[in-house]
Amino acid sequence: MNPSRLRFSWLLLGTSLLLGACSNDGGNPSSEPEARVRITTTPAVRQSFHATVHAWGSVIGDPQRARSLSLGHGGQILSLHVAAGQSVRAGQPLLTIAPEPAARSAHAQAESALALARGELARTRSLFEQHLATESQLAAAGKALSDAQAGLAAQQAVGGGSASEVLRAPADGVVGTLAVANGDRFAANAPLLDFTPAQALAVALSVAPSAASLDLQAGQPVRLLPALGGDAPLQGRIRTAGRGIDPQTHLVPVLVEVPADARLQLGD
């Protein structure tokens, strides 16, 4: 036998065995089960997430609409007709006041100046008709009368012409702090009491610095609950949120607007 031909036959046999083994592995599926994963899909929904911040506060007069009542002259308090926190109606008496002597003296002087100006105008007009006074003199006398009338009106506006004067509520509202008591004397333009018109209240809250770090902003809605319970929650909005800590309370001040029809009282 030719050695070269035998060697070639073994090579063919080895090749056929190798091809047969490859054919057997590819034709038989694996006996192990395939792994399966169940996937559940859910549509995306857009929602708002609310952060809860606990704070304590009280009802105050709206700083933008509350004001102090005063008079343009000094005087003395004869009687108080209201107390702090009292609700009043428009025109209701608040204080009875005796104007100071200087105010009554100024009113008397204004009355005398008006009487003198009227007489001077009448005399100048008579002289003008007799061609003994000029038109400029007549005009000056007329202006002096107008000035005297304005001076008296100013004194009457500040109540200097009466022995007593009543300070009345300018509108429906709530009396705040009283700065005077019976018998007190006061100077001109000194604040007598704080007055908050009806439906002009706000809520001053104090928030812990950790809660304020949630980035409280003006316009955010707020849900207010009465401290003693009983009443329904009140909806409001933040008007201002402080960016500093109050040195006395060590809390962050927040001012909340409330609806005009909210049934609140100062100090609630």
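Cut-offs applied
- Residues numbered from 1 in each chain as written.
- Predicted model: local features only at pLDDT ≥ 70, side-chain atom pairs only at ≥ 80, totals over all residues.
- Heavy atoms only, no water.
- Helix = DSSP H or I, 4+ residues; strand = E, 2+ residues; numbered from the N terminus.
- Contact = heavy atoms within 4.5 Å.
- Areas by Shrake-Rupley, 256 points an atom, 1.4 Å probe, with all protein chains shown as cover.
- Axes fitted to C-alpha atoms, helices over the stretch in contact; angles between N-to-C directions.
- Parallel < 35°, antiparallel > 145°, perpendicular 65-115°, else oblique.
- Left-handed = near helix turned anticlockwise from the far one by under 90°.
- Pairing = 2+ DSSP bridges.
- Expected span 1.5 Å × (residues − 1).
- Buried < 20%, exposed > 50% of the residue type's maximum accessible area, 1.4 Å probe, protein only.

Concerning the overall build of the chain
Then, in step 1: A count of helices and strands for the chain gives 4 helices and 13 strands.
Then, in step 2: Within the chain, residue pairs in contact and separated by at least 24 positions form 71% of the contacts whose partners lie at least 6 positions apart.
Then, in step 3: For the chain, the computed accessible surface area is about 18,400 Å², with 55% contributed by carbon and sulfur atoms.

Brief notes about the packing of helix H2 (residues 101–129) against helix H3 (residues 135–157)
Then, in step 1: H3 packs onto H2 with a crossing angle of 160 degrees between their chain directions and a minimal axis gap of 8 Å. Overall, the two elements H2 and H3 adopt an arrangement that is roughly antiparallel. With respect to the hand of their crossing, H2 and H3 are arranged in left-handed fashion.

Quick word on the sheet that holds strand S5 (residues 93–99)
Then, in step 1: Taken together, the 4 strands give an open sheet; going across it, the order is S6-S5-S3-S8, and neighbouring strands pair in antiparallel fashion. The open sheet has two edge strands with one neighbour each: strand S6 (165–168) and strand S8 (185–186).

A look at H2
Then, in step 1: Here H2 is 29 residues long and its end C-alpha atoms lie 43 Å apart, about the 42 Å a rise of 1.5 Å per residue gives.
Then, in step 2: Three or more residues of H2 are buried, namely Ala103, His107, Ala110, Leu114, Ala117, Leu121 and Thr124.
Then, in step 3: The inward-facing, buried residues of H2 abut S5 and H3.
Then, in step 4: Of the residues flanking the end of H2, it is His131, one or two places downstream, whose phi is positive at about 60 degrees.

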